[in-house]
Number of protein chains: 2
Amino acid sequence: METDALKELHGLDLVARRMSRVSAILQWDQETYLPPAAVEERADQLADIEGIAHERATDPRIGHLLEKLGSTTSFPFGDESLPRLERDFLRAMRRDYDRRTKLPHDFVVSKARAEGLSQAVWVTARKSNDFALFAPHLRAMVGYAKKRAEYWGFAERQYDGLIDEYEPGMNENRLAALFGPLSFGLTSLLGKITLRPQPDSAFLLRTYPIVAQESFCDSVMNALGYDRRRGRLDRSAHPFTTSLGSDDVRITTRYDSTNMFSGLFSVIHETGHALYELGFDSSIRGTHLADGASMGIHESQSRLWENVIGRSRAFWNGMFPSLKIAFPDSLRDVDTELFYRAVNVVKPSLIRVEADEVTYSLHVILRFNLERKLFSGELDVDDLPSAWRSGMRSLLGVENETDADGVLQDVHWSMGAFGYFPSYALGNLYGAQFWNALRLDVPDAAEHVEAGDFSVLSSWLHEKIHCLGRSVQPEDLVRSVCGESLSISPFLDYLEAKYSELYDF
Amino acid sequence: METDALKELHGLDLVARRMSRVSAILQWDQETYLPPAAVEERADQLADIEGIAHERATDPRIGHLLEKLGSTTSFPFGDESLPRLERDFLRAMRRDYDRRTKLPHDFVVSKARAEGLSQAVWVTARKSNDFALFAPHLRAMVGYAKKRAEYWGFAERQYDGLIDEYEPGMNENRLAALFGPLSFGLTSLLGKITLRPQPDSAFLLRTYPIVAQESFCDSVMNALGYDRRRGRLDRSAHPFTTSLGSDDVRITTRYDSTNMFSGLFSVIHETGHALYELGFDSSIRGTHLADGASMGIHESQSRLWENVIGRSRAFWNGMFPSLKIAFPDSLRDVDTELFYRAVNVVKPSLIRVEADEVTYSLHVILRFNLERKLFSGELDVDDLPSAWRSGMRSLLGVENETDADGVLQDVHWSMGAFGYFPSYALGNLYGAQFWNALRLDVPDAAEHVEAGDFSVLSSWLHEKIHCLGRSVQPEDLVRSVCGESLSISPFLDYLEAKYSELYDF
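Residues numbered from 1 in each chain as written. Chains lettered and ligands numbered in written order. Predicted model: local features only at pLDDT ≥ 70, side-chain atom pairs only at ≥ 80, totals over all residues.

What follows is about the overall build of chain A. When its secondary structure is counted, chain A shows 20 helices and 3 strands. Computed over the C-alpha atoms, the radius of gyration of chain A is 23 Å, within 12% of the 23 Å expected from 2.2 N^0.38 for a compact globule of 505 residues. Summarising its shape, the C-alpha atoms of chain A cover approximately 70 × 50 × 50 Å along the three principal directions. Here chain A holds 505 residues, and the buried ones make up 44% of them. (Helix = DSSP H or I, 4+ residues; strand = E, 2+ residues; numbered from the N terminus. Rg over C-alpha atoms; globule rule 2.2 N^0.38 Å. Buried ≥ 20, exposed ≤ 12 C-beta atoms within 10 Å, placed from the backbone.)

This paragraph deals with the sheet that holds strand S3 (residues 248-253) of chain A. Residue and element names in this part refer to chain A. Spatial ordering of the open sheet is given by S1-S3-S2, a layout of 3 strands whose pairing is mixed. Looking along the sheet, the strands with just one partner apiece sit at the ends: strand S1 (233-235) and strand S2 (241-245). Neighbour-to-neighbour, the strand axes of this sheet turn through a mean angle of 35°, independent of strand direction. Of the strand pairs in this sheet, S1 and S3 are connected by 3 bridges, and their pairing is parallel. Residue pairing across strands places Asp234 opposite Thr252, the latter belonging to S3. (Pairing = 2+ DSSP bridges. Axes fitted to C-alpha atoms, helices over the stretch in contact; angles between N-to-C directions.)

Turning our eyes to something else, we now look at helix H20 (residues 489-503) of chain A. Residues and elements named next belong to chain A. Its 15 residues place the ends of H20 20 Å apart at the C-alpha level, agreeing with the 21 Å of an ideal helix rising 1.5 Å per residue. Within H20, burial applies to Pro490, Phe491, Leu492, Leu495, Tyr499 and Tyr503. Residues of H20 that are buried make contact with helix H8 (172-194), helix H14 (357-376) and helix H16 (422-441). Just downstream of H20 lies Asp504, where phi reads positive at about 55°. (Expected span 1.5 Å × (residues − 1). Contact = placed C-beta atoms within 7 Å.)

All right, on to the interface of chain B and chain A then. Contact residues are listed per partner, giving 28 residues for chain B and 28 residues for chain A. Elements that contribute at least two residues to the side of chain B that touches chain A include exactly helix H1 (2-32) and helix H2 (39-57) of chain B. Looking at side-chain class alone, the side of chain B that touches chain A contains 11 nonpolar, 4 polar and 13 charged residues. (Nonpolar A, V, L, I, M, F, W, Y, C, P; charged D, E, K, R; others polar.)

On to the sheet that holds strand S3 (residues 248-253) of chain B. Hydrogen bonds between backbone groups are what pair the strands of a sheet, and the pairing can be parallel or antiparallel. Residue and element names in this part refer to chain B. If you trace the 3 strands from one edge of the open sheet to the other, you get S1-S3-S2, paired in mixed fashion. Each edge of the sheet is formed by a strand with only one pairing partner; in this case those strands are strand S1 (233-235) and strand S2 (241-245). The sheet shows a mean angle of 35° between the axes of neighbouring strands, taken without regard to direction. Contacts from H1 reach S1, S2 and S3 within the one sheet, and its direction differs from that of S2 by about 135°.

So, on to the domain arrangement of chain A. Residues and elements named next belong to chain A. By the assigned domains, chain A splits into domain 1 (1-101) and domain 2 (202-347 + 423-503). When each unit is reduced to the centre of its C-alpha atoms, the spacing between domain 1 and domain 2 is 29 Å. In this complex, domain 1 contributes 16 residues to the contact, which on the side of domain 2 involves 16 residues. Of all the elements, helix H1 (residues 2-32) adds the most residues to the side of domain 1 that touches domain 2, at 11 residues. Here the side of domain 1 that touches domain 2 is built from residues that sort into 8 nonpolar, 3 polar and 5 charged. (Domains from an automatic or database assignment.)

To continue, consider the packing of H1 of chain A against H1 of chain B. The contact between H1 of chain A and H1 of chain B brings their axes to 10 Å, and the two run at 70°. With respect to each other, H1 of chain A and H1 of chain B are oriented roughly perpendicular. For the pair H1 of chain A and H1 of chain B, the contacting residues are Val22, Ile25, Leu26 and Asp29 of chain A in the first and Val22, Ile25, Leu26 and Asp29 of chain B in the second. (Parallel < 35°, antiparallel > 145°, perpendicular 65-115°, else oblique.)

As a further point, take the nonpolar core. Grouped together as the largest cluster of nonpolar side chains are 103 residues, with contacts concentrated most on Val220, Val358, Ile365, Leu429 and Phe434 of chain A. Ignoring sequence-local partners within four residues, the contact set of Val220 of chain A consists of Leu264, Val267 and Ile268 of chain A. Core analysis: the next-biggest nonpolar cluster, separate from the first, contains 102 residues, Tyr360, Leu362, Phe375 and Trp435 of chain B among them. (Core = buried A, V, L, I, M, F, W, Y, C linked by C-beta atoms within 7 Å.)

As a further point, take the relation of the copies chain B and chain A. Overlay of chain B on chain A (RMSD 0.1 Å): rotation 180°, translation along the axis 0.1 Å. The two molecules are tied by a two-fold rotation axis, judged by turn and shift. Of all interface residues in chain B, 96% are interface residues in chain A too; the two copies therefore contact each other through one and the same surface. (Least-squares fit on C-alpha atoms with pLDDT ≥ 70 in both.)

Residues and elements named next belong to chain A. The N-to-C vectors of H8 and H14 enclose an angle of 140°; their axes lie 9 Å apart at closest approach. By the angle between their axes, H8 is oblique relative to H14. The element H8 and its partner H14 pack so that their crossing is left-handed. From H8, Glu172, Leu175, Phe179, Leu182, Ser183, Leu186, Leu189, Leu190 and Ile193 reach across to H14, where they touch Val358, Thr359, Ser361, Leu362, Ile365, Phe368 and Arg372. Considering only residue class, the contact of H8 with H14 consists of 11 nonpolar, 3 polar and 2 charged. (Left-handed = near helix turned anticlockwise from the far one by under 90°.)

In the predicted model, chain A carries a mean pLDDT of 95, and 98% of its residues have values of at least 70. Complex prediction metrics read pTM 0.94 and ipTM 0.93. (pLDDT = per-residue confidence, 0-100.)

With that settled, the discussion passes to the environment of Phe261 of chain A. Residue and element names in this part refer to chain A. Along the chain, the position of Phe261 falls in helix H10 (residues 260-278). With 48 residues separating them in the primary sequence, Phe261 and Gln213 have C-alpha atoms 9.2 Å apart. With residues near it in sequence (within four places) discarded, Phe261 still touches Leu204 and Val343.

Take unusual backbone geometry next. The phi dihedral of Asp504 of chain A is positive, around 55°, even though this residue is not glycine. Tracing the chain through its elements places Asp504 of chain A in the segment after H20. Of note in this structure, Asn129 of chain B is not a glycine but carries a positive phi near 50°. Following the sequence through the fold, Asn129 of chain B ends up in the loop between helix H5 (105-127) and helix H6 (131-152).

It is worth spelling out the pairing of S3 of chain A at this point. Residues and elements named next belong to chain A. Where burial is concerned, most of S3 is hidden: 6 out of the 6 residues are buried. Side-chain alternation along S3 places Asp248, Arg250 and Thr252 on one buried face and Val249, Ile251 and Thr253 on a second face that is also buried. Note that S2 and S3 share 4 bridges and pair antiparallel. Bridging from a neighbouring strand, Gly245 pairs with Asp248 of S3. Joining the antiparallel neighbours S2 and S3 is a turn of 2 residues.

Here we come to the environment of Glu50 of chain A. Residue placement: Glu50 of chain A occurs in helix H2 (residues 39-57). Through-space distance from the C-alpha of Glu50 of chain A to that of Ser20 of chain A is 7.1 Å; in sequence the pair is 30 residues apart.

Within the element layout of this structure, Ile25 of chain A appears in helix H1. The exposure class of Ile25 of chain A is buried, given the 24 C-beta atoms found within 10 Å. Residues Ile25 of chain A and Val249 of chain A, spaced 224 residues apart in sequence, show a C-alpha to C-alpha distance of 10 Å. Sequence-distant contacts of Ile25 of chain A, that is, excluding residues within four places in its chain, are made with Leu244 of chain A together with Ile25, Leu26 and Asp29 of chain B.

Turning next to H2 of chain A. At 3.6 residues per turn, the α-helix brings residues three or four places apart onto the same side. If you check H2 of chain A, its first and last C-alpha atoms are 26 Å apart, about what 19 residues at 1.5 Å a residue would give, namely 27 Å. Taken together, the buried positions of H2 of chain A are Arg42, Gln45, Ile49, Ile52, Ala53 and Ala57 of chain A. Angularly, the buried residues of H2 of chain A cover 135° about the axis, an arc narrow enough to put them on a single face. Residues of H2 of chain A that are exposed and point over 90 degrees away from its buried face: Glu40 and Glu55 of chain A. Of the surrounding elements, those touching the buried residues of H2 of chain A are H1 and helix H4 (84-101) of chain A together with H1, H2 and S2 of chain B. (Arc of directions from axis to C-beta.)

Shown next, in the form of structure tokens:
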């Protein structure tokens with residue numbers, strides 16, 4: 001009887017998820033190959049499919065079955081006689097079902113329309129550096145987010161409800177407690193670095209032919225163990241990873257002949273996301289548990305591969321010879337050490353997505369601080385441009401001239417994704433913790449990396465993290481893998497060790 | 001009141017068609033970019049979407065509204081007070097709604113499953129040249145087709161019901177009356193040609209670098225007026241055209257470095273289909289009338305561009321200089337005249353898709369003759385391989401050694417598409433009639449072609465044929481555009497004139 005109900009619930013989950021995959025197919029095509037004149041029609045197609053996906057995911061029968069199976073929103077989940085994995089399944093289903101059904105239909109429709117408009121206006125506003133144009137839409141987005149938090153419910157603050165969407169169990173207070181000392185640690189490290197001379201990195205901006213970039217990116221993806229039978233690499237305006245199916249996880253990047261390394265590190269970053277999505281255990285394949293444990297955990301995988309591994313000396317000791325073969329002209333006077341130093345230059349800059357490992361999290365903390373104040377009412381939308389500038393000054397010591405390079409630079413707020421930014425910084429923290437744990441189990445990790453053999457690393461990540469998918473909560477995952485709670489020290493220690501050597505202080 | 005019903009019907013049509021477009025997106029991706037391991041999951045996604053599309057297209061509300069609006073399956077359609085276009089809309093809706101709803105749900109499901117299996121077995125059987133392996137599935141396909149014809153109803157013979165699916169108003173007797181004299185005309189023309197020496201064409205099989213092929217195909221598509229803002233060219237195992245939206249009509253081709261011209265003429269062929277799909281008038285955009293008048297009319301557009309225009313002396317007088325620049329090595333000792341003769345070599349061969357203009361329709365007639373006998377019961381599935389051989393001998397004077405090069409060569413039967421083949425030959429006939437009509441209006445058509453200016457031709461085709469879409473019946477279209485009924489003489493006259501000059505008899 002209970003088995004029947006569980007079976008039926010799995011069936012409903014399957015068809016709902018399938019429609020989300022179809023939506024992912026349409027979106028992927030939209031970002032990669034859609035002819036320009038077809039944009040509007042595609043939006044209608046997407047809205048139609050997303051409507052069906054939403055309908056399936058909020059089927060009242062799901063609520064009825066969850067009730068019957070004794071799921072609750074808090075631990076323990078479901079009947080104790082059920083296998084652990086099924087109880088995790090019930091927890092995840094309950095969480096998402098509640099979040100979806102708590103939002104009234106009219107609210108969802110009007111929010112979706114407002115988001116579409118807001119994004120379109122943001123694109124124009126960024127191009128024309130016109131914050132005033134965007135402000136009313138941003139205000140609307142804040143309004144919708146506040147309402148969303150109210151519908152969902154939250155522990156103490158509205159902002160908590162938004163954070164929890166991306167990082168289950170996280171809240172504003174805990175983030176503030178982490179980000180305060182993190183900010184201090186990063187700023188003081190940055191201070192030491194700025195006293196030292198910068199290595200030469202101008203050669204990174206030489207011309208690197210795009211055909212050769214493509215084939216080099218390809219070989220790196222293959223080396224990292226990305227299975228081309230289960231995915232592919234295409235081009236899009238902004239790099240992303242998307243799951244079109246359990247065996248169809250695609251990544252995209254962009255190539256710029258005078259900015260090769262942005263594209264290459266994007267490929268490594270997205271490969272990190274893809275390995276996670278491709279690594280879910282067969283026992284949770286295609287189910288509600290076949291997802292990342294949280295966005296922070298997801299970002300830990302991409303940023304671990306991109307930075308901790310992809311910007312390490314061991315990585316380039318192994319890779320640089322083939323890079324030099326691929327670009328003999330542009331790298332004629334460059335050796336491994338010079339290259340390694342160049343891709344690790346630390347320098348405060350205006351744009352988050354171009355920031356180095358040390359300053360990146362400061363960009364995130366700026367956004368977190370502003371979001372907090374937006375939702376506590378301390379800050380008005382109209383005050384954001386100046387708050388942004390003073391935040392940049394105090395956190396990074398630089399100040400944007402234009403709003404396009406400031407408050408208008410990211411897409412997130414234009415689509416109402418408040419509470420997402422912290423995931424990036426959490427990814428850095430989790431990543432350093434995982435890296436420490438990995439090296440305890442694999443003391444010769446760097447040697448493997450240098451030899452171009454990434455299989456030991458990816459097997460470890462697969463077994464400890466990827467295969468579990470969403471069956472584990474982020475906090476439990478970190479504790480079980482690392483033997484400690486989420487903490488800033490491993491990340492700060494990692495940076496200190498790496499950059500004191502690089503900048504010789 | 002009637003307006004409300006019509007409005008509602010248009011709305012139902014719109015959402016049903018939208019889901020067919022989504023299905024086209026998934027299929028296009030499947031043929032072009034799908035990672036190999038994702039094949040099975042994509043089949044599930046497609047089945048799901050097609051299920052929704054079918055459900056929407058067979059919504060009983062459509063039947064109710066059609067009733068209310070007085071549509072019938074025969075002329076005149078709908079209330080005479082309605083505008084002509086709306087009455088055509090009602091006719092097309094009625095036709096498709098009836099065809100779809102007349103098939104019981106269980107039948108559709110079991111047929112779809114059997115087709116999937118049959119196609120998979122056909123692939124293996126063709127590879128291993130094993131007709132016996134495929135025979136039981138082919139027998140099942142014939143069985144389903146017979147049942148389908150019974151459900152749909154037909155004038156005299158089951159086969160009529162299948163033909164009418166692709167060519168409304170056509171039937172076996174009329175085809176037989178056309179194809180008998182057509183076959184005689186083509187065979188006697190072929191006889192004259194085989195008495196004459198063949199021009200040199202070996203250079204067509206030299207190596208043509210694929211990158212240069214791609215860019216040449218690209219330039220040809222652009223010259224023909226294919227709007228890249230509303231479509232794109234990709235690669236797939238078999239060339240095809242598909243509409244992912246009103247402004248998103250994509251074509252595919254394949255490149256083979258030692259068989260360049262197969263890929264190039266495929267591009268011209270598919271561009272012909274695409275121009276039709278992109279040319280529907282805005283008054284029928286996105287509606288049930290935004291489709292070809294019939295498959296024969298559709299093929300007339302592709303084959304007109306591919307052969308009548310694309311293999312004409314005027315075309316290559318204009319294009320050959322740039323072809324020679326693109327492939328200086330492979331064409332070093334070739335001039336326009338030699339090239340023109342080489343791409344028009346007539347020679348009986350085994351494979352339909354590789355056949356020249358003269359023998360192509362004979363391949364089609366072979367299949368038509370076999371289909372007739374299969375459905376009249378004169379021929380059993382087991383007798384097909386030998387009937388194929390004797391048909392080849394009597395129509396083309398050559399005989400296949402293997403079934404892979406014979407009865408197993410085409411995909412159509414494996415998916416139950418009996419009655420489709422005649423469309424290809426009809427396309428040749430319609431094409432020649434349209435070409436005659438075009439030249440009456442545009443006497444200097446050849447000069448435009450030679451000058452590389454195809455806009456006069458495509459405008460004429462657009463205005464006379466494309467813009468009407470499915471609002472016109474194939475027979476009415478030919479009569480109104482050409483002032484005569486479907487006839488074989490224009491096609492035979494065209495071939496006689498072209499090839500008597502080429503082969504000098």
